[in-house]
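Coordinates in review
The lines below spell out each chain.
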Amino acid sequence: MSNSVALGALAAVLAVGLLLLIRRPAGAQRLARLAGLAITVLVAAALTPWTVQDSGPTASLLLGVPVLAATVPVLAERSGRRRAEIADLGAAVVIGSWSLLLALGIGVAFLPVVLLYLLGATWSSAPPRSISN
């Protein structure tokens, strides 16, 4: 079950990442954060029945940590660009660490989302392109 969810998450992350890199929209960082949150919530929703059956009441903790970590960068946007960049890196570290901690079970499915947060953090800290003649 978690392998098919992980493959779906990876496909979604790659599609969003390629779209952002090809189209280069003005709000690419915001779109990366929103896509990361959406994919994380969808992964958690897809894994909920299996996780509840397997882990019982601790399923809310197992699935809630990545969702909470994915929510922080979206909320941090309102407090400034620098804080949102730090929140992107924080979300990548928390979700990545949580994924590795739970790697033998459901953790692998959350790992692809880390790429979006790293893309968003890298995109925002990259120097702007200069147009030369």
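Residues numbered from 1 in each chain as written. Predicted model: local features only at pLDDT ≥ 70, side-chain atom pairs only at ≥ 80, totals over all residues. Heavy atoms only, no water.

**Observations regarding the pattern of salt bridges**
As a reminder of what qualifies: Any carboxyl oxygen of Asp or Glu that lies within 4 Å of a side-chain nitrogen of Lys or Arg is treated as forming a salt bridge with it. By the criteria applied, helices consist of DSSP H or I runs no shorter than four residues and strands consist of E runs no shorter than two, each listed in order from the N terminus. Exposure categories follow from relative accessible area, calculated using a 1.4 Å probe and restricted to protein chains: below 20% of the type maximum is buried, above 50% is exposed, and the middle band is partly exposed.
In this structure the tally under the stated criterion is 4 salt bridges. In this structure, Asp88 engages Arg33 in a salt bridge whose closest nitrogen and oxygen atoms are separated by 2.9 Å. Of this pair, Asp88 sits in helix H4 (residues 81–101) while Arg33 sits in helix H2 (residues 28–55), and the two are 55 residues apart along the sequence. Each member of the pair, Asp88 as well as Arg33, is classed as buried.

**A closer look at a nonpolar patch on the surface**
Threshold: Each patch is built from salt-bridge-free residues with over 30% relative accessible area, joining like charges within 9 Å and nonpolar side chains (Val, Leu, Ile, Met, Phe, Trp, Tyr) within 5 Å. All accessible-area figures derive from a Shrake-Rupley calculation using a 1.4 Å probe, and residue coverage is judged against the displayed protein chains alone.
A cluster of nonpolar side chains, contributed by Leu7, Leu10, Leu14 and Leu115, occupies part of the molecular surface with about 370 Å² of accessible area. Its place among the elements puts Leu7 in helix H1 (residues 2–23).

**A word on the nonpolar core**
Worth spelling out the cut-off: Side-chain atoms within 4.5 Å are what join buried Ala, Val, Leu, Ile, Met, Phe, Trp, Tyr and Cys residues into a set we call a nonpolar core. In this analysis, two residues are considered to be in contact whenever any of their non-hydrogen atoms come within 4.5 Å of each other.
Membership of the largest hydrophobic core comes to 27 residues, with the highest contact counts inside it found for Ile39, Val43, Leu47, Ile95, Ile106, Phe110 and Tyr117. Elements with a minimum of two residues in this core: H1, H2, helix H3 (59–76), H4 and helix H5 (113–125). Excluding residues that lie within four positions of it along the chain, Tyr117 makes contacts with Arg33, Gly36, Leu37, Ala70, Pro73, Asp88, Ala91, Ala92 and Ile95.

Interpretation note: all reported values are geometric properties and have no functional meaning in isolation.
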